Amino acid sequence: PRARLLGGNAHGGLGLATALAAHPTEAIYASGGEDRLIAMWSIVPATDLAARQPRATAIAPLAPWALWRVAHARLSVPCTALCFAPAVAELAFGTSDGSVGRFEMPKLSGTMGSAADARLIERVPMHAPPETGVAHAVLALAYSPSGAPLAVATEGKFIDPLNPRDPRDPLARL
């Protein structure tokens, strides 16, 4: 059976969800979409959610569990790809205009409070192919198990490895 959303869609915003990522070690998920919203979700017992706030920023119970929005951020363009970093509290994102960036995940308190704003670390454009001069949308992101490099696949059939932790990388500021 599918979960039914109470007052919205499964992404939690107004647009179609176009990206989904699962944290490698925590019960946290992230969704991104056409509405430019990135939301981070924690899995909580459905009974806790029902007692706390059954309609706002929550997905209806999946058996004994539900999703609670713990953080969010709004981009200037649609989100097209998401990936959690395995070794640090960061979420990488790709956009429809060919940019890649990272958010710092907020510290989770263990209680269901209001969703926090995710802090933007940086957002940088990917290179545009010389033949068109137009950057391609980012379609997929994947970190290696060590946390670097970050592979970025774009609509233009490119896969670029980026190493945000190596100052010698041309995109190290990412």
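Residues numbered from 1 in each chain as written. Predicted model: local features only at pLDDT ≥ 70, side-chain atom pairs only at ≥ 80, totals over all residues. Heavy atoms only, no water.

## Structural notes on the overall build of the protein
Scanning the protein for helices and strands turns up one helix and 13 strands. Reading the protein from its N terminus to its C terminus gives the helix and strand order β-β-β-α-β-β-β-β-β-β-β-β-β-β. Out of the 174 residues belonging to the protein, those deemed buried represent 45%. Considering only intrachain contacts with a sequence separation of at least 6, the fraction spanning at least 24 residues in the protein is 51%. Of the roughly 9200 Å² of accessible surface on the protein, a fraction of 58% belongs to carbon and sulfur atoms. (Helix = DSSP H or I, 4+ residues; strand = E, 2+ residues; numbered from the N terminus. Buried < 20%, exposed > 50% of the residue type's maximum accessible area, 1.4 Å probe, protein only. Contact = heavy atoms within 4.5 Å. Areas by Shrake-Rupley, 256 points an atom, 1.4 Å probe, with all protein chains shown as cover.)

## Some words on the pattern of salt bridges
Scanning the model with the defined rule gives one salt bridge in all. The closest approach of N and O atoms between Arg-102 and Glu-90, which form a salt bridge, is 2.6 Å. In this pair, Arg-102 is assigned in strand 8 (residues 99–104) and Glu-90 in strand 7 (residues 90–95), connecting sequence segments twelve residues apart. Overall, the relative accessible area of 7% leaves Arg-102 in the buried class. Look at Glu-90 and you get buried, because its relative accessible area is 13%. (Salt bridge = Lys/Arg side-chain N within 4 Å of Asp/Glu carboxyl O.)

## Some points on the pairing of strand 13 (residues 159–162)
Of the two faces of strand 13, only the one carrying Asp-160 and Leu-162 is buried; Ile-159 and Pro-161 on the other face are not. As defined by bridge partners, strand 12 (residues 150–154) adjoins strand 13 across four bridges and the pair is classed as antiparallel. The residue of strand 13 that forms the bridge with Ala-151 is Pro-161. Counting the residues in the hairpin turn of strand 12 and strand 13 gives four residues, including Lys-157, whose phi is positive at 70°. (Pairing = 2+ DSSP bridges.)

## Let's talk about the sheet that holds strand 7
The strands making up a sheet are joined through hydrogen bonds of the backbone, oriented either antiparallel or parallel. Strand order in the open sheet formed by four strands is 6-7-8-10, and the pairing between neighbours is antiparallel. Each edge of the open sheet carries a strand with a single partner, namely strand 6 (79–84) and strand 10 (119–125). Neighbour-to-neighbour, the strand axes of this sheet turn through a mean angle of 20°, independent of strand direction. Across five bridges, strand 6 lies against strand 7 in antiparallel orientation. Looking at the pairing, Cys-79 lines up with Thr-95 of strand 7. (Axes fitted to C-alpha atoms, helices over the stretch in contact; angles between N-to-C directions.)

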